[in-house]
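Listed below, chain by chain, are the residues.
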Amino acid sequence: MSINFKMKKILLVLILFIPGFRMTANVAQPGIWNAGGMGNFSLLFPEDSLAFKKIQMADEKVSIQLYKGYAVVKGIYKMYNSTGDTVKLKTGYPLNSNFRSETNNTHRAEIMFDSLYGLDVKINSVSAKIISEPYVSGKVNSENENWYVWNNIFAPEDTTVITVYFIVNTNNTMIRKGYTKDKFNGFMYLLETGSTWKQPIIKGEIRIKTEDNISIDDIKGLSPDSIFKTDADKNLLQYKFTNVSPENSDNIIITYSENIEDLNFDNILSLKTKLYNSIDEFSEMDINPEGLKHKKFQSPYEVESSDWVSILLVVSVIGIPVIIVLVLITLFILLLIWIIKRKKKKNLN
């Protein structure tokens, strides 16, 4: 039997013993879940669709104060009716929402929380009546499962100013990547839902201030990552825009600080008047543009914890087969050397 024939047999045996393997799919959906936040002030009912191109968001100003465990929000929306007709329609805020990141379709961000606490709506400085809420006495309202709704009347060729205040719980945010989960505070503002109005949004501003001794450096991630200017000394961020037709990529996602164990939200709500006075001051505060600097933030989808489960999976799925292959190759080489030496010894004899 020739050496070449023996080598072919050995190679055949080696191939049969090398285990086949494949990477298993990651079944854990990456992204940000259960963050506090809101969709934009927007149209709601199909019967109001005729107003779709009649009312334009001439000016949108959103002020956000981030605290440990919660956020306080004030939105001022100047809505212009460009027609000669009075427009009546129902508008509101969605309680829960989700979207997929355009930069990475595997990332899903979800707003999911229990209430817009202390919701206060004013139309031209007059309090508006909330005619429908997502929950009634702790039970889901079957007619409206996801919206806070009120009536609006927009006078012809005039601007209506809608002011909204509320508090949200940001303490239940979970960030998942692979099989690793981090728990931070998280807030979202879905700017894209403002696209329901006549486009574009003529001008707007989103300003954010961190409170409770939270510094700019305590922001874990922010998307979009480079649109905000910051003043680190005053712990504030500002984004101003003009003529924007908001899309998915314009949505604001921010993660910050760590979760708080046993957060007492009732105590927070008892401070509503004080908190709303504070955000009024912040909303009306002049921001010196010379004190602002552009800052690029990390992705809010990143986790800080080590993904030990994924590492172990990679080692078990890839590492062990590789080790087996290396061992078999080493044995093959040793066997080949032994055969060659044995053949030479026979030839000498």
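Since the structure is predicted, the reported quantities are computational estimates derived from the model, not experimental observations.

Peer 1: For this particular structure, what's the right way to read the packing of aromatic side chains?
Peer 2: Geometry of an aromatic ring pair is reported as the spacing of the ring centres plus the angle between the planes. Counted according to the given criterion, the structure contains seven aromatic pairs. Ring centres 4.7 Å apart and planes at 5° place the aromatic pair Tyr67 and Tyr70 in the stacked group. There is no split in this pair, since Tyr67 and Tyr70 are both buried. Chaining the aromatic ring pairs together yields one cluster made of Tyr67, Tyr70, Tyr117 and Phe265. Its end group placed over the ring of Phe282, Arg207 keeps NZ or CZ at 5.6 Å from the ring centre. Positioned above the aromatic ring of Phe297, the side-chain terminus of Lys295 is 5.3 Å from the ring centre.

Peer 1: How should the pattern of salt bridges be read in this particular structure?
Peer 2: Should their charged atoms come close, side chains of opposite charge can pair. Inspection of the entire model under this criterion finds seven salt bridges. Where Asp59 meets Lys203, a salt bridge forms, and the shortest distance between an N and an O atom there is 3.9 Å. Residue Asp59 is located in strand E3 (residues 55-67), and its partner Lys203 is located in strand E16 (residues 201-210); the two are separated by 144 residues in the primary sequence. Across the salt bridge formed by Glu211 and Lys209, the nearest N and O atoms sit 3.5 Å from each other. Residue Lys209 is classed as buried on the basis of its relative accessible area, which comes to 19%.

Peer 1: Would you mind showing me how to read the sheet that holds strand E13 (residues 158-169) here?
Peer 2: Pairing between the strands of a sheet comes from backbone hydrogen bonds, and it takes one of two forms, parallel or antiparallel. Taken in spatial order, the nine strands line up as E9-E8-E13-E4-E3-E16-E19-E18-E21 in an open sheet, and their pairing is mixed. On the outer flanks of this sheet lie strand E9 (126-127) and strand E21 (293-294), each paired with one strand and no other. Here helix H3 (residues 272-284) sits on the sheet in contact with E3, strand E4 (70-81), strand E8 (117-123), E13 and E16, set at roughly 120° to E3.

Peer 1: Teacher, can you tell me more about H3 here?
Peer 2: An α-helical turn contains 3.6 residues, so any two residues separated by three or four positions project in the same direction. Spanning 13 residues, H3 covers 18 Å between terminal C-alpha atoms, matching the ideal 18 Å at 1.5 Å per step. The complete set of buried residues in H3 reads Leu275, Tyr276, Ile279, Asp280, Phe282 and Ser283. Buried residues of H3, seen end-on, are gathered within an arc of 165° and therefore sit on one face of the element. With respect to the buried face of H3, the exposed residues turned more than 90 degrees away are Thr273, Lys274, Glu281 and Glu284.

Peer 1: Mind showing me how you'd approach the pairing of E13 here?
Peer 2: Moving residue by residue along a regular strand, the side chains alternate between the two faces of the sheet. With nine of twelve residues buried, E13 is to be regarded as a mostly interior element. Two strands pair when backbone bridges link them, and E4 and E13 are joined in this way by twelve bridges, in the antiparallel orientation. When the bridges of E13 are listed, Gly75 appears paired with Val164.

Peer 1: So what exactly am I meant to see when it comes to a nonpolar patch on the surface here?
Peer 2: On the surface, a nonpolar cluster with roughly 620 Å² of combined accessible area is contributed by Ile323, Val327, Ile329, Leu331, Ile333, Leu334 and Ile337. With respect to the helices and strands, Val327 occurs in helix H4 (residues 308-348). A relative accessible area of 44% places Val327 in the partly exposed class.

Peer 1: What is the right way to look at the confidence of the model for the chain in this model?
Peer 2: Should the pLDDT be low somewhere, the predicted coordinates at that spot are not to be read in detail. Mean pLDDT over the chain works out to 77, with 69% of the residues at or above the 70 mark. Taken as a whole, residues 5-31 scores under 50 in pLDDT and shows 41 contacts with residues more than four places along the chain or in a different chain.

Peer 1: How should I be thinking about unusual backbone geometry in this particular structure?
Peer 2: Only a minority of non-glycine residues have a phi that is not negative, and only a minority of peptide bonds are not trans. Going from Gln199 to Pro200, the amide bond is cis rather than trans, its omega being 0°. Relative to the helices and strands, Pro200 is located in the loop between strand E15 (180-190) and E16. In the segment running from Ser223 into Pro224, the intervening peptide bond is cis, with an omega of -5°. Tracing the sequence through the fold places Pro224 in the loop between strand E17 (219-223) and strand E18 (229-231). A positive phi angle, near 60°, is found at Asn213, a position not held by glycine. Relative to the elements of secondary structure, Asn213 occurs in the loop between E16 and E17. A positive phi angle, near 55°, is found at Asp262, a position not held by glycine.

What counts, and at which threshold
Residues numbered from 1 in each chain as written. Predicted model: local features only at pLDDT ≥ 70, side-chain atom pairs only at ≥ 80, totals over all residues. Heavy atoms only, no water. Phe/Tyr/Trp six-rings, centres within 6.5 Å; stacked < 30°, edge-to-face > 60°. Buried < 20%, exposed > 50% of the residue type's maximum accessible area, 1.4 Å probe, protein only. Lys NZ or Arg CZ within 6 Å of the ring centre and 35° of its normal. Salt bridge = Lys/Arg side-chain N within 4 Å of Asp/Glu carboxyl O. Helix = DSSP H or I, 4+ residues; strand = E, 2+ residues; numbered from the N terminus. Pairing = 2+ DSSP bridges. Contact = heavy atoms within 4.5 Å. Axes fitted to C-alpha atoms, helices over the stretch in contact; angles between N-to-C directions. Expected span 1.5 Å × (residues − 1). Arc of directions from axis to C-beta. Patch = residues over 30% accessible without salt bridge, like charges linked within 9 Å, V, L, I, M, F, W, Y side chains within 5 Å. Areas by Shrake-Rupley, 256 points an atom, 1.4 Å probe, with all protein chains shown as cover. pLDDT = per-residue confidence, 0-100.

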